[in-house]
Amino acid sequence: MASVNYNSQIVIIGAGCFGLSTGYHLLKRGYKNVIILDRSSQLPAPDAASTDISKIVRSSYADILYTRLAREAISEWKNTQEWADSYHQTGVYCAMAHTDSYTDQAYQNDKAVGAAVEPLLNSKDIRSVFPSAANVSVPDNARGFINRDGGWAFASQGILRMMDKVTTLGGKIIAGKAVSELCRSDGKVSTVRCADGSTYEADLVVLATGSWSASAFPNLGLDTKCVATGQTVAFVQLTPEEAELYRACPVYLDFHTGFYAFPPNKDNIVKCAIHSGGFVRKIKSANLDVYISTPRTVASDGEDGLRIPRTALKSLRDSLVRIYPDIGSKPFCGTRLCWYTDSPDDNWVIGAHPDIANLVLATSGSGHAFKFLPVIGRLVADAVEGKLPPELVRKFAADRAHAHGDVTEPAIRLAPPADLLEDELCTPEDLLPVPLSSGWATGKL
Ligand SMILES: Cc1cc2nc3c(=O)[nH]c(=O)nc-3n(C[C@H](O)[C@H](O)[C@H](O)COP(=O)(O)OP(=O)(O)OC[C@H]3O[C@@H](n4cnc5c(N)ncnc54)[C@H](O)[C@@H]3O)c2cc1C
Ligand SMILES: *[C@@H]1O[C@H](CO)[C@@H](O)[C@H](O)[C@H]1NC(C)=O
């Protein structure tokens, strides 16, 4: 790692969860010159993974390292002076399949760290953790557990609060700066160049560009370590009266299928999604003979970038109807393809680039980093200062070896991602609860 001091010029690329939390923790430690650049002219960036109405905050992980770190994050989230009402402690209900070692291990870890968990041994127990007025359907042979310390965060608000903390501590956040080149001299990045021609000198650069990392910087060789996978999300608008019935529901999370659903937010919107292998969109990189998965979002493709594959929309519908029959019988009011940055073992990538000593990678959230917003930058700051414990250096190293089966997340995520096929994306008619049976109703015969 390059040596830095409190006066070093630190340039962080990307103002999402990783970049902002890193900036915050470095500033708190006394670093004086921290600049965060983001390509989006509007911040939080509308298509960043961290920009969202809700993200699950859970400590239920099969890897106890994440359980412990999530407990620290949750105790921060609960501080309303820091985060206002960003955090909603509704509890997280984890469904357990009968052969589901991930969730069983997650339960054991939660218990071991003293989380408020309760086993739910049958459908009656499970039904009892949902409000009685909600129309919830629980299969007879179901089992699971609830973690009452968990819940969900209003992600965009959390990001805005973190932006505030950064600027309060003297950090600069500059929007509309798409970094296009990392100029090197003596094997180090000396200057960061933006698409608009502006340049920033740097002693240390932190790359926190999320799902764009591999495609935006093809020369860094990140295409297998930071794979952009599109994940499918859909929304249902409830009336205020309907929403009241579900407001106190816990987050519903089924690792076995990957399906999860949130209680309605303040705008009475229910979000549901599938944590899965997702979809890749491989595009040939300019100059190099490699195909790199590249996000397709509202920024690159307008409203069209929000559409998800029709098959995924159908499985969202099927799962939602199965769990919340009334909600599932309403139309979806929107969808989103939201891009994970996946490493091969679902552990994050935090540490120096193998070939460039003063370039620190802080990415590969692998679909589970947001909840750590208050604390994740501490790990990056430790990496910058060479203070990360050796086992974490290895765990998060960009060039670590991936042992087969050494995964932190459930087996379902081992399913390889499918190719994103644009002519199989959903259309507005697909958002309706039942397919229209006759041609005249859609105006198409
Ligand atoms: C559908 C979905 C659901 C999720 N659910 C959860 C959940 O329930 N709980 C949880 O903990 N986590 C969840 N996650 C994961 C979490 O959102 C991510 O791990 C986390 O937000 C990643 O943060 P990031 O900073 O790496 O990326 P981002 O938030 O995407 O930030 C990257 C930033 O870099 C900027 N950028 C990109 N390229 C450039 C460039 N060339 N120059 C300058 N700036 C650039 C972008 O504009 C963006 O603002 C979910 C993710 C998705 C997609
Ligand atoms: C739950 O919703 C389904 C589908 O709308 C409906 O048939 C059923 O009667 C509802 N049950 C209750 C208890 O309201």
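All values derive from a computational prediction rather than experimental measurement. (Residues numbered from 1 in each chain as written. Chains lettered and ligands numbered in written order. Predicted model: local features only at pLDDT ≥ 70, side-chain atom pairs only at ≥ 80, totals over all residues. Heavy atoms only, no water.)

1. Some remarks on the pattern of salt bridges
Side chains that differ in sign of charge can pair as their charged atoms come close. According to the stated counting rule, one finds 27 salt bridges in the structure shown. In this structure, the salt-bridge partner of Arg296 is Asp304, at a minimum N-O distance of 2.6 Å. The exposure class of Asp304 is partly exposed, given its relative accessible area of 28%. Among the charged side chains, a network of salt bridges with common partners joins Arg281, Arg296, Asp301, Asp304, Arg307 and Glu422. (Salt bridge = Lys/Arg side-chain N within 4 Å of Asp/Glu carboxyl O. Buried < 20%, exposed > 50% of the residue type's maximum accessible area, 1.4 Å probe, protein only.)

2. Details of the packing of helix α1 (residues 17–29) against helix α6 (residues 155–168)
Closest axis-to-axis distance for the α1/α6 pair is 9 Å, and the angle between their directions is 30°. The angle between α1 and α6 falls in the class roughly parallel. Crossing hand, α1 versus α6: left-handed. Residues Cys17, Leu20, Ser21, Gly23, Tyr24 and Leu27 of α1 form the contact with α6, whose own contacting residues are Ile159, Met162, Met163, Lys165 and Val166. Grouping the amino acids of the contact of α1 with α6 by side-chain chemistry returns eight nonpolar, two polar and one charged. (Axes fitted to C-alpha atoms, helices over the stretch in contact; angles between N-to-C directions. Helix = DSSP H or I, 4+ residues; strand = E, 2+ residues; numbered from the N terminus. Parallel < 35°, antiparallel > 145°, perpendicular 65-115°, else oblique. Left-handed = near helix turned anticlockwise from the far one by under 90°. Contact = heavy atoms within 4.5 Å. Nonpolar A, V, L, I, M, F, W, Y, C, P; charged D, E, K, R; others polar.)

3. Describing the site of ligand 2
With respect to spatial proximity, the complete set of residues near ligand 2 consists of Asn135, Pro325 and Asp326. Here an oxygen atom of ligand 2 and a side-chain polar atom of Asn135 are 2.2 Å apart. Asp326 places a side-chain nitrogen or oxygen 2.5 Å from an oxygen atom of ligand 2. Relative to its unbound accessible surface of 360 Å², ligand 2 loses 32% to contact with the protein. (Near = heavy atom within 4 Å. Polar contact = N/O pair within 3.5 Å; in protein donor to acceptor, adjacent residues only side chain to side chain. Areas by Shrake-Rupley, 256 points an atom, 1.4 Å probe, with all protein chains shown as cover.)

4. Some points on the packing of α1 against helix α12 (residues 376–384)
Put simply, α1 and α12 touch, their axes get as near as 7 Å, and they point 65° apart. Of the two possible hands of crossing, α1 and α12 adopt the one that is right-handed. Across the interface between the two elements, Cys17, Phe18, Ser21, Thr22, His25, Leu26 and Arg29 of α1 pack against Ile376, Gly377, Arg378, Val380, Ala381, Asp382 and Val384 of α12. Across the contact of α1 with α12, the residue classes break down as seven nonpolar, four polar and three charged.

5. Points about the layout of surface pockets
It is the rolling of a water-molecule-sized probe over the atoms that shows where space remains empty. Within this model, the second largest pocket holds a volume of roughly 420 Å³. As for the second largest pocket, its lining consists of 22 residues, and the residues nearest its centre are Thr51, Asp52, Ile53, Phe235 and Arg336. For the lining of the second largest pocket, a count of residues per class yields 10 nonpolar, six polar and six charged. (1 Å grid on protein atoms, 1.4 Å probe; cavity = no way out; pocket = protein on both sides within 12 Å on 5 of 7 lines; lining within 4 Å. Points joined across faces, edges and corners; volume = space filled by probe spheres on them.)

6. Focus on the nonpolar core
Ranked by internal contacts, the top residues of the largest apolar core, which has 72 residues, are Trp77, Trp348 and Phe372. Phe372 has contacts with Tyr61, Tyr66, Leu69, Ala70, Ala73 and Trp348, leaving out every residue within four places of it along the chain. In this structure, Cys272, Phe279, Ile308 and Leu313 belong to the second largest nonpolar core, which totals 39 residues. (Core = buried A, V, L, I, M, F, W, Y, C linked by side-chain atoms within 4.5 Å.)

7. A closer look at the environment of Glu391
Relative to the helices and strands, Glu391 is located in helix α13 (residues 390–396). We classify Glu391 as partly exposed; its relative accessible area is 47%.

8. Side note on the site of ligand 1
Close to ligand 1 lie 34 residues; Asp38, Arg39, Ser50, Ile56 and Cys338 are nearest. Interatomic distance of 2.8 Å between a side-chain N/O atom of Arg39 and an oxygen atom of ligand 1. Within the backbone of Lys371, one N or O atom sits 2.8 Å away from an oxygen atom of ligand 1. Isolated, ligand 1 exposes 1,000 Å² of accessible area, and the fraction of that covered by the protein chains is 97%. Mapped by element, the contributors of at least two residues to the shell around ligand 1 are α1, β3 (55–57) and β21 (334–342). For the shell around ligand 1, the element with the most residues is β21, which contributes three residues. Here the shell around ligand 1 is composed, by residue class, of 21 nonpolar, eight polar and five charged.

9. A few points about the side chain of Asp110
By the secondary structure assignment, Asp110 is in helix α4 (residues 101–112). Buried and unpaired, Asp110 has no salt bridge, with Arg71 as the nearest side chain of opposite charge at 6.2 Å. Aside from chain neighbours lying at most four places away, what touches Asp110 is Ser59, Ser60, Thr67, Ala115, Val117, Phe145 and Asn147. (Lys, Arg positive; Asp, Glu negative; His and termini not counted.)

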